[in-house]
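The primary structure of each chain is shown beneath.
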Amino acid sequence: MRKMRRLYFLMLAAILLLAAGCSSAPANGGNEQAQNGGGTDEQNGGEATVLKLAHVWPASEIHAQAAEKFAAEVEKLSGGKLKVEIYGDGTLGKDQDLLEGLKVGTADIWVGGAGVLSGSSETAKIFTVPFMIDSQEHFEKVYNGEVGAEIANKIQQESGNKILAYWTRGARWLTVNKEVKTPEDLKGLKIRVPDSPVFIKSFERLGAAPTPMAFGEVFTSLQQGVIDGQENPLSLIYNSKFYEVVKYLIKTQHVYEPITIVISEEKFNSLSPELQEALVKAANGEAKQFAAEEVKKSDQEYLQKLQENGMTLVEPDIQAFQAKLQGFVEQEFPALKEVYEKIRNAK
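Residues numbered from 1 in each chain as written. Predicted model: local features only at pLDDT ≥ 70, side-chain atom pairs only at ≥ 80, totals over all residues. Heavy atoms only, no water.

**Concerning the side chain of Thr168**
Selection rule: Think of it this way: any DSSP run of H or I at least four residues long counts as a helix, any run of E at least two long counts as a strand, and we number them from the N terminus. In this scheme, a residue with accessible area under 20% of its type's maximum is buried, one over 50% is exposed, and one in between is partly exposed, where area comes from a 1.4 Å probe on protein chains only. Two N or O atoms count as a polar contact when they lie within 3.5 Å, although within protein this holds only if one can serve as hydrogen donor and the other as acceptor, and sequence-adjacent residues are included solely when both atoms are side-chain atoms. Residue contacts follow a heavy-atom distance rule, with two residues in contact if any of their heavy atoms lie within 4.5 Å.
Checked against the element boundaries, Thr168 lands in the loop between strand E4 (161-167) and strand E5 (172-176). Judged by relative accessible area, Thr168 falls into the buried class, the value being 8%. Here the side chain of Thr168 touches Gln136 through a polar contact of 3.5 Å, side chain to side chain. When sequence neighbours within four positions are dropped, the list of residues in contact with Thr168 reads His63, Gln136, Phe139, Ile259, Ala291, Ala292 and Val295.

**Focus on helix H7 (residues 197-205)**
Our working definition: The directions considered for the arc run from the helix axis to the C-beta atoms.
Listing the buried residues of H7 in full gives Val198, Phe199, Ser202 and Phe203. Taken around the axis of H7, the buried residues stretch over an arc of 115 degrees, which confines them to a single face. Tucked inside the fold, the buried residues of H7 contact E5, strand E6 (190-193), strand E7 (209-212), strand E8 (229-233), strand E9 (248-255) and helix H14 (328-332).

**Regarding the nonpolar core**
For clarity, the cut-off: Here, nonpolar core means buried Ala, Val, Leu, Ile, Met, Phe, Trp, Tyr and Cys residues that are tied together by side-chain atoms lying within 4.5 Å of each other.
Ranked by internal contacts, the top residues of the largest apolar core, which has 53 residues, are Phe127 and Ile151. Broken down by element, the residue count for this core peaks at four residues, all from helix H6 (residues 146-159). Here Phe127 is in contact with Ala114, Gly115, Leu117, Tyr143, Ile151, Ile155, Ile163, Tyr166, Val255, Tyr256, Glu257 and Pro258, once residues within four sequence places are set aside. Counting 30 residues, the second-largest nonpolar core is a separate cluster that includes Trp57, Leu82, Leu164 and Ala165.

**Focus: the packing of aromatic side chains**
The relation between two aromatic rings is expressed through the spacing of the ring centres and the mutual angle of the planes. To keep it simple, the criterion reads: When two rings of Phe, Tyr or Trp (its six-membered ring) have centres within 6.5 Å they constitute a pair, described as stacked for plane angles under 30 degrees, edge-to-face for angles over 60, and tilted for the intermediate range. Two conditions define a charge sitting above a ring: the NZ of Lys or the CZ of Arg must be within 6 Å of the ring centre, and it must be within 35 degrees of the ring normal.
In this structure the tally under the stated criterion is nine aromatic pairs. Seen in terms of ring centroids, Phe127 and Tyr143 are 6.0 Å apart; in terms of plane orientation they differ by 40 degrees. Their pairing is tilted. Remark: Tyr143 occurs in helix H5 (residues 136-143) and Phe127 occurs in the loop between strand E3 (109-113) and H5; sequence separation between them is 16 residues. Both residues of the pair, Phe127 and Tyr143, belong to the buried class. Grouping aromatic residues by their ring pairs yields a cluster made of Phe127, Phe139, Tyr143 and Tyr166. Positioned above the aromatic ring of Phe290 is the side chain of Lys69, whose terminal nitrogen or guanidinium carbon lies 5.0 Å from the ring centre. Sitting over the ring of Phe268, Lys162 keeps its end group 4.9 Å from the ring centre.

Next up, the structure:
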């Protein structure tokens, strides 16, 4: 009888040990899943979901710092259930590579200039139409309001990319080796522009000779006279030392392109509602406010520094430039006409 009872308890212990072993996940299973983009917190067995955020800026850049604040707030709002790992300075590729990588898991979140989205969305071409936004106040009314939300929804429908937030970026200014006050002064000048149909066609219409080229070639091309000018936000003009090779700083402020923080619709939908809420709230929280305040403050500082380094500030006739582009969207990009008019009226 004792032998039978002993045998019974040994068999019971073996069954319990076997059951415990079957219910335990492999030691590295949760971590491996998180490193590959995770899933919901339930799918990860209660472990934190980890998302990879990628951008091309060095750590010192304003929006790189804003991304760090975003990651910290995501973890805080989610109670540690959602974490964002940042891969900056182009570690995972160029902007277009990173955006395309959202579909295949190279990255889960991309932060960059909204114009890059035009590669997969017709609506996104609206972001770089010149002289469409009149001021920073106009920018905020558009991208913090109904029109901005409508643009984001259309882009999501066309590309599967979900814009979590729009962040402020400095307006683009023109720098040239000739004083430019009206479009007539631009006639024949070779101006480096991004390789974008909106930039190329708009500068052609203004009378310039738009010259797309890689940004890394711009300084030398200005120095050697291959091009006569270029256009970019003040921060990039100063940090690239263009004041050494070009004389005039033209206050065109022709494009107010937002920075967008983007996740694929599929990845966003894989998260629990709780984590989705944390992600959206963080994208529109401290990081967004930080970017807006720092851009405004730094633009004033850069403007002063550029003049101290010898650049001559020119106040052009903005109305003359706008008149030259009258009907531009309707004729060149008719699909954008409706949203363009909504932006112009959102004042």
